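Per-entry structural report
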Amino acid sequence: MLAALAGETRARPPFWLMRQAGRYLPEYRELRAKAGGFLDLCYTPDFAVEVTLQPLRRYGMDAAILFSDILVVPHALGQPLAYLEGEGPKLDPIRNVEELSRLSRDRFHETLAPVYETVRRLSGAIPADTTLIGFAGAPWTIACYMVEGGGSKEYAHVKRWAYGDPVGFARLMDLLVEVTADYLCAQIDAGAEVVQLFDSWAGVLPIGPFRRWVIEPTRRIVALVKERHPTVPVIGFPRGAGHAYEDYVSDSGVDAVGLDTTVSPLWAARNLQSRLPVQGNLDPILLATGGKALRDGADEILDALSARPFVFNLGHGVIQTTPPENVAALAEQLRRWPERG
């Protein structure tokens, strides 16, 4: 994977899957039941290391991604966070500049110390030829959760703040840029060889705000990480960016870009892959469906993108209802590439 991210075209593209560790695996569900709360799972290195290793044992991906959650960053800043069964994450919302005083960096790295310990242990536990990926949520996506207080359909609160008080909103984004860069660098110090920025809600913004609140914060984080770790690749994943993928690739400074499910592989080959390695972008529902649909979908992506630097992945994360045997079939298909049948 490191060779592909450095610009080499591999005869067999490396692969890993977003959410490759998770609820579709029975061994994960068993461990999750023992751990208690979801944050206990993330903050207990024994559990987090084991969960990270589970898909490697089954499928032998070319990369392991740290098991954690993007919302540990606001949690480490002091924003109360809970994961409710059937509802997802809930945070006490912060919706104006005055409420930023509720956040503090005083215990940021202390709170996240178990995550760094997990990375250190994984660095020694994974096979030598397996790449260790660290990650964080990008500032716009984290701000969405912090301001909305959880998931959203309209993102009305965060957009109203960003549009109506851009100076005040910039204070939140500036804080997130600084702590996210620190967080990624601490993961690299602990042994991460690649880091990825997940901007899951990038696609909800028009192009002007997209430049300001997605591209520019990403550019600043990449620059800060590169000051300390100039050789470590940074992958950006601006989910839903559409035609703005080109601007993101040109201006964000990332070393590689993750493609969401909606991006045409042929379009990406023509417009993005000549500039940098790309990663993606099988529909997770195809993985859950399996059979011929899965094989044909994977082959279409491989045909379009494997002639240049490329990392095979999904266009979003593995869904809970995915049969584990479908992941095994995909892994075998990728290892046989470019064979057919």
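Residue numbers restart at each chain and count upward from 1, following the sequence in its written direction. Per-residue local features of the predicted model are confined to residues with pLDDT of at least 70, and side-chain atom pairs are confined, for both listing and counting, to 80 or more; whole-chain, interface and lining totals are unaffected and use all residues. Remark: hydrogens and water are excluded; side-chain values derive from all non-hydrogen atoms of the structure.

Remarks on the side chain of glutamine 187
Comment: elements are numbered from the N terminus, with helices defined as DSSP H or I runs of at least four residues and strands as E runs of at least two. In this fold, glutamine 187 is placed in helix 9 (residues 166-190). Here the side chain of glutamine 187 touches phenylalanine 135 through a polar contact of 2.9 Å, landing on its backbone oxygen. Filtering out sequence-adjacent residues up to four positions away, glutamine 187 remains in contact with Leu66, Tyr116, Val119, Gly134, Phe135 and Ala192. By the criterion applied in these results, polar contacts are pairs of N or O atoms within 3.5 Å in which, for protein atoms, one can donate a hydrogen and the other can accept it, and in which residues neighboring in sequence qualify only through two side-chain atoms. Residue contacts are defined here by distance: any two heavy atoms, one from each residue, within 4.5 Å place the two residues in contact.

Side note on the pattern of salt bridges
Every case where a carboxyl oxygen of Asp or Glu lies within 4 Å of a side-chain nitrogen of Lys or Arg is listed as a salt bridge. Using the criterion set out here, one finds 20 salt bridges in the structure. Here arginine 220 ties to aspartate 174 by a salt bridge, and the two come within 2.9 Å at their closest N and O atoms. Of this pair, arginine 220 sits in helix 10 (residues 207-228) while aspartate 174 sits in helix 9, placing them 46 residues apart in sequence. The buried label goes to any residue with under 20% of its type's maximum accessible area, the exposed label to any with over 50%, and the partly exposed label to all in between, with areas taken from a 1.4 Å probe on protein chains only. With a relative accessible area of 27%, arginine 220 lands in the partly exposed category. For aspartate 174, a relative accessible area of 31% puts it in the partly exposed group. Where glutamate 246 meets arginine 275, a salt bridge forms, and the shortest distance between an N and an O atom there is 3.4 Å. Of this pair, glutamate 246 sits in helix 11 (residues 245-251) while arginine 275 sits in the loop between helix 12 (265-271) and strand 8 (278-282), and the two are 29 residues apart along the sequence.

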